[in-house]
Amino acid sequence: MANKRKRAPKEAPNDVQPTQKRSKSETPATNGATTKSKPSKTPNKTLFTESPSREDRAREADLYDKLGREDADERIEAADIIISSLLGSCSSFSEAESVAEPILRRHLEKRLFRGLASGRNASRLGFSLVITEILNQLFGKKDLASSKYTGLTFDQVRKILLRSTTPIGMSGQEERNHYFGQLFGIECFVRAGIVAEDKQKWFQVLDLLFELSQKKSWLKPQCGFIIVQAVSQMKQGLAEETMQKLADQGYAKTPEGVAIWIAALDRFPDMKVPAQPWRHPLAASSLSGLPAALKDSGREASNEEVGGKKPKQGNWTAQLHFVWDLILAHFAKLGLKSEDDASEQFKQFWSRVVDEGFFSKNASDSQKFSGFMIFQKMLEGAASCQFIVKTLFSKNLMVCLMNQAAKEDRYLHRAAIKALKAIEVAVQTNPTFLPAILKELFGKHGAYNFDQRTNTKTVDKLLQHTTPDTVKTVLKTLQLKDISKSDLDEEKYYQALGNYLFRLASIQPESSEADDSGKSVPGAAIKVLTELAYSNKSVPESIRENLRTRSTSAFAKLVRRPEDFGFLCEAILSIETEVDPDDEVAGTVLPQAFERLKDLLDPSKATKATRESRQALALLHAVGVLQFYNQEPDIMDIFEELEECYEKLAKEDGGAEEGASEFLVESLLAMIARPSALMRQVSQQVFEAFTGLVSAEALKLLTDPLAVEENDKGRQTLFSTEDEDMMDVDGEDDNASDNDEEELDSDVEIVDIENAGSDVPDDSSSSSSDSESEAEEEEDKDEALLKALSEALGPRALDPNNDAASDTASDVSDSEMLAGDANLAQIFKLRAKTTSKKQQKKDAKETVVNFKHRVLDLLSIFVKKESSNGNPLTFDVLLPLLNLIRTTTVKPLANKSHEIISNFSKGLKKARNNNAPEAETEEKIDADSLLEMLIDLHEEASKDPSHAFAKAVSTASLAVAAVLCSDKLGKTEEVFLLYAKTQLKWFQGEVKIQQAFFSDWLNWCQSHAAVAQELKEKEKEKEKEKEKEKEKEK
């Protein structure tokens, strides 16, 4: 037999051509391009011959090579051709269309059954496909074995399988391949459907499975799976006899036996089963013996040692036993009939078998590893069975899960993390599971601070899948009625609750999640968080400030979504807190603000034209009320400004009185002056709603701060500095300011002036010169300090080489020493004052720069929106922006200003592409004023010879020139003369301007000329067509 087995490789070099060997690594597309691909288009299904020629052998070799490839389409195509070449067409068989018995026997012995023992690619899958079809035709309905192939009886074919797949003198991978080949061959008999109705044939196959499962223990699950397949095909009587034989063989109390019992009883519920070991393995009466049968279902057992030695402990396997699929399917099917009964039965099964078996204190690591895999299997499979999901989070499992996930050095840490990820996937797939799973994670077997206990972000990720339908239940789950059940003190509980609510309020829902009833996950969460931070009296004072910080940060995130403005305002209206009755703001101003807020939110008073502005003004009032509760300074001024804005802007007819936009801009400037993300977000959202109402005076209020100096003088110009002037010159509050900076909450923005708004580093010469001058100034100060110390202590005291310094110190009198201490105190006091002033300069620059960034954000919104709408006021931002680019020492400010100018140019192009807006724009624009602006831009271009400034001023100049050169304004000649005049000055050396300023102008002229020429050619063609039509009419 060994010689026969070795002859096949010797024939391969003669049968298989080199091109077929290379085809293993070729893609289907590559194979399709070769000459061998032609048969795939028109398959050659001629019958195999008894004495094949060289071409026939090559054809066979090519077909069987394709049959073992990994490409499923190639395998199926090859299988169809081989079956047709052996037995003819499957639909209409005739003896003339099938091969002789010797040919079929040769293919079965030499090719097909032997191919099952091959470990090459997908050989077993392809070869078993052909064998299954041949067995079906031999012993199935056609019964060819009794009509034509009488020598190929069932027993003969079985022997061919055993001869081809029984390993003799083999070991290692080769032995493993032969055993798997035999297993696939036996499975072919079952899949062919020829043993389910024949008791004799089935018991022969069953004996083969028994024998094979005893040879290698790792074959037991595969053998059991084949029996399950057979049981699903046979009738009840044969199934009962099979169950009895399995019980006699001691097969019942194994994972495979449990699977067979479940499959048979699900198919035949009233069938007779052996009295021992159980009637139904999942029945309550069988649960005492079931854990022992299933405990090793996740372990790949090792071979039993011969000679009575103790079996070795098996290896872990990442593949879970198939019995758990059948168990899950059984309870899912049971749940369709009665969910209450199914829930109770599954609860008993899970507790007795899994929780007390796989996760008990005495369970091995391999069993716990299998338990985690079972947990994942149940989560993934229980798509419509919520009663299963609720039961999974049992006591022992949760203890093991939290302990193993907490630290990376735990033995089952990775398995626990996979289990947690399975929870996330289950909720992501079916968000309705979220309330039930949260309840279990926070329940008696879990922990309210689950993420802290496991060092993960599981709950945070789960909350991201909250939907408008589940948010109410989720919020109820998060808020415990009895805080003691959380096993946390009040402070830690409210801190954890605040974190959870903040996570919910920060969710960015997709547009598809919008609910018709007006539900919103962030809106519902922010309302609860606000009530907790401001209205709940049971919250300790020590944690209340933290909750208010969380609330403010959540507001800042919520403001980014205009559709959630209403929820934000409602959350602030829901605040109920005690206020001081003697407080003027709380007694009179605050109630009036509430009344205005309610009026602005009234949908009956809003029209299509005023809805956006009323909503924005309501948002301003809501933030003002929030600032009052946060005890922000200058709140009285804010409420007064809001009242004036309300009176001027919030009218039913949507009109705006003169000066309204100025009041609005002043209010917004006061808001952005605060280092708060909420203030910045609100100011931007409100300003975007009112850009169309901004007047020239209001726009000037925005652009004026860009011209102030970036130092202490500029800060005094922008802000009231009375309090700063009264600061202690001794700098006693320096430490306090440092502490304040450390305690800034998450809503406070700390902006790096060197990197804010841009990724480009500041490499300007001015910044380097500033640092050099500061270094020189520091050296001068050090020298002055040494000189002062020398005068106070004497020159010998500071001399490091003076060894007698200690001796002379003893000669100093008490009066002299006291005088020296006074001098030293005065010196260090002056030094501290100098250091304090240096820090003040740095703080002043940061304040001014940050304020300019916020102003540029507002101008960017104004330019983007209004330039495309044709608002002529957008031209007024050009010169202030260019002046900022030229004068600032902070490059990010220059970059942001340049970007706004570029957006202005793009917006004008968009307006010109829309005919109607362009016409309206040109009617509003004063051509003479715009021409004067262009002259100013050309003068501005000569003030800074840098490339960056030239690029910005060129962009602005071309945008203005394009409008002036339009047909309606008719200033084309003046524009060309101005460019020529500026270029002449540049030529004569009167001004310094970058060459790019003029090259950009020439490029613009060239593109405009090409478009104009194309239009004229089209007009000529139209005229020619009209003349032709006239000639035809004549």
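Residues numbered from 1 in each chain as written. Predicted model: local features only at pLDDT ≥ 70, side-chain atom pairs only at ≥ 80, totals over all residues. Heavy atoms only, no water.

Here is the rule we go by: UniProt positions are given in the numbering used here, feature names are shortened, and annotations may be inferred rather than shown by experiment.
The name that an unreviewed UniProt entry assigns to the protein is DNA polymerase V, with the source organism given as Podospora fimiseda. In its Sequence similarities (unreviewed entry) section, UniProt records this for the protein: "Belongs to the MYBBP1A family." Comment text from UniProt for the protein, heading Subcellular location (unreviewed entry), reads "Nucleus".

**Quick look at the overall build of the protein**
Selection rule: Helix numbers and strand numbers start at the N terminus; a helix is a DSSP run of H or I with at least 4 residues, a strand a run of E with at least 2. Buried, partly exposed and exposed residues are distinguished by accessible area as a fraction of the type maximum, computed with a 1.4 Å probe on protein chains only: under 20%, between the cut-offs, and over 50%, respectively. By the convention used here, residues are in contact when the closest approach between their heavy atoms is within 4.5 Å. Under the convention used here, a 1.4 Å probe and the Shrake-Rupley method define accessible areas, while residue burial counts only the protein chains that appear.
Counting its regular elements, the protein contains 49 helices and two strands. Counting over 1034 residues, the protein shows a buried share of 46%. The long-range fraction of contacts in the protein, counting pairs at least 24 apart against all pairs at least 6 apart in sequence, stands at 72%. Within the structure as shown, the protein displays about 53700 Å² of accessible surface, and the carbon and sulfur contribution to it stands at 48%.

**Remarks on the environment of M933**
You can see M933 is positioned in helix α46 (residues 927-941). It is 8.3 Å that separates the C-alpha atoms of M933 and V960, two residues lying 27 residues apart in sequence.

**Looking at a negative patch on the surface**
Applicable threshold: Each patch is built from salt-bridge-free residues with over 30% relative accessible area, joining like charges within 9 Å and nonpolar side chains (Val, Leu, Ile, Met, Phe, Trp, Tyr) within 5 Å. Salt bridges are defined as contacts in which a side-chain nitrogen from Lys or Arg sits within 4 Å of a carboxyl oxygen from Asp or Glu. In this tally Asp and Glu are treated as negative and Lys and Arg as positive; neither His nor the chain ends contributes. In plain terms, the charge of a residue is placed at NZ if it is Lys, CZ if Arg, CG if Asp and CD if Glu.
Taken together, the side chains of D634, D637, E640, E643, E644, E647 and E666 present a region of like negative charge at the surface. Top contributing element to the negative patch by residue count: helix α33 (residues 635-649), with five residues. In this fold, D634 is placed in the loop between α32 (611-629) and α33.

**Let's talk about the side chain of S164**
In this fold, S164 is placed in helix α10 (residues 154-165). Not counting residues up to four positions away in its chain, the partners in contact with S164 are E109, F113, R114, A117 and H178.

**So, the pattern of salt bridges**
Applying the stated criterion across every chain yields a total of 30 salt bridges. The residue E710 makes a salt bridge to K852 at a minimum N-O spacing of 3.2 Å. One end of the pair, E710, is in the loop between α36 (696-703) and α37 (712-718); the other, K852, is in helix α42 (residues 814-868), and 142 residues separate them in sequence. Salt bridges sharing common partners tie together D65, R69, E74 and R120.

**Here's the deal with α32**
Given 3.6 residues per helical turn, the α-helix brings residues three or four places apart onto the same face. Defined as follows: Expected span of a helix: the number of residues minus one, times 1.5 Å.
Between the first and last C-alpha of α32 there are 27 Å, a value that for 19 residues agrees with the 27 Å anticipated at 1.5 Å per step. Counting buried residues in α32 gives 16 out of 19 residues, a clear majority hidden from the surface. Positive backbone phi, approximately 60°, marks Q631, located one or two places after α32.

**Some details on the packing of helix α14 (residues 236-248) against helix α15 (residues 255-267)**
What counts here: Between the N-to-C directions of two axes lies an angle of 0 to 180 degrees, each axis being a line fitted to C-alpha atoms and, for a helix, fitted only over the stretch in contact. The scheme is simple: roughly parallel for angles under 35 degrees, roughly antiparallel for over 145, roughly perpendicular for 65 to 115, oblique for anything else. Put simply, a crossing is left-handed when the front helix is turned counterclockwise from the back one by less than a right angle, and right-handed when it is turned clockwise.
In contact at an axis separation of 11 Å, α14 and α15 are set at 160° when each is read in the N-to-C sense. The pairing of α14 with α15 is recorded here as roughly antiparallel in orientation. Relative to α15, the crossing made by α14 is left-handed. Touching M243, L246 and A247 of α14 are I260, W261 and A264, all from α15.

**Points about the packing of aromatic side chains**
To keep things clear, this is the line we draw: Here the aromatic set is Phe, Tyr and Trp, taking the six-membered ring for Trp, and pairing holds for ring centres within 6.5 Å; pairs whose planes are under 30 degrees apart are stacked, those over 60 apart are edge-to-face, and all others are tilted. Placement of a charge over a ring requires the Lys NZ or Arg CZ to be within 6 Å of the ring centre, with the centre-to-atom vector within 35 degrees of the ring normal.
Counted by the stated rule, this structure contains 29 aromatic pairs. Relative to F372, the ring of F359 lies with its centre 5.3 Å away and its plane at 65°, an arrangement referred to as edge-to-face. Of this pair, F359 sits in the loop between α18 (339-358) and α19 (365-381) while F372 is found in helix α19, placing the two residues 13 residues apart along the sequence. The interplanar angle of 20° and the centroid separation of 5.5 Å between the aromatic rings of W1001 and W1004 together place this pair among those described as stacked. One end of the pair, W1001, and the other, W1004, are both in helix α49 (residues 996-1033), three residues apart, so they sit about a helical turn from each other. Here the aromatic residues F976, Y979, W986, F997, F998, W1001 and W1004 are joined through ring pairs into a cluster of three or more. In this structure, R176 packs its charged tip against the face of W218, placed 4.2 Å from the ring centre. Of note, R550 hangs over the ring of F502, and the distance from its end group to the ring centre comes to 4.6 Å.

**A closer look at helix α28 (residues 521-535)**
Our working rule: Any pair of N or O atoms that falls within 3.5 Å is considered a polar contact. Within protein, one atom must be able to donate a hydrogen and the other to accept it, and sequence-neighbouring residues count only if both atoms are side-chain atoms.
Between its first and last C-alpha atoms α28 spans 21 Å; for 15 residues at 1.5 Å apiece the expected length is 21 Å, and the two agree. Within α28, 12 of the 15 residues are buried, leaving the element largely enclosed by the surrounding structure. For α28, every residue scored as buried is listed here: V521, P522, G523, A525, I526, V528, L529, T530, L532, A533, Y534 and S535. In this fold, the buried residues of α28 make contact with α26 (471-478), α27 (490-505), α29 (541-558), α30 (565-573) and α32. The N-capping residue of α28, defined by a side-chain oxygen 3.3 Å from the backbone nitrogen of G523, is S520.

**A look at the packing of helix α21 (residues 395-406) against helix α22 (residues 413-429)**
Put simply, α21 and α22 touch, their axes get as near as 8 Å, and they point 115° apart. By crossing handedness, the relation of α21 to α22 is classed as left-handed. Residues L401, Q404 and A405 of α21 pack against H413, A416, I417, A419 and L420 of α22.

**Quick notes on the side chain of E424**
Residue placement: E424 occurs in helix α22. This buried residue, E424, is left without a salt bridge; K461 holds the nearest opposite charge, at 4.3 Å. Apart from residues lying up to four places away in sequence, E424 is in contact with T458, K461, L462 and H465.

**A closer look at unusual backbone geometry**
Both trends apply: most residues other than glycine have a negative phi, and most peptide bonds are in trans. The phi dihedral of N455 is positive, around 55°, even though this residue is not glycine. Inspection of the secondary structure puts N455 in the loop between α24 (450-454) and α25 (458-463). Among the residues examined, N455 registers a relative accessible area of 58% and is labelled exposed. The phi dihedral of D487 is positive, around 60°, even though this residue is not glycine. Take D487: it is sitting in the loop between α26 and α27.

**Notes on a positive patch on the surface**
A cluster of basic residues, K390, K439, K472, K476, K481, K485 and K519, forms a positive patch at the surface. Its location among the elements puts K472 in helix α26.

**Focus on the confidence of the model for the protein**
Quick note on the threshold: Confidence of the predictor at the level of single residues is captured by pLDDT, which takes values from 0 to 100.
Taken over all residues, the pLDDT of the protein has a mean of 79, while the share at 70 or more is 78%. Confidence drops under a pLDDT of 50 for residues 721-746, and excluding neighbours within four residues, the segment shows 13 contacts in the predicted structure. Segment residues 804-810 is flagged for pLDDT under 50; beyond a separation of four residues in sequence, or across chains, it makes three contacts in the model.

**Quick word on the environment of A329**
Mapped onto the secondary structure, A329 falls in helix α17 (residues 323-337). In this structure A329 comes out as partly exposed when scored by relative accessible area, which is 44%. Along the primary structure A329 and A382 are separated by 53 residues, whereas in three dimensions their C-alpha atoms are 9.0 Å apart.

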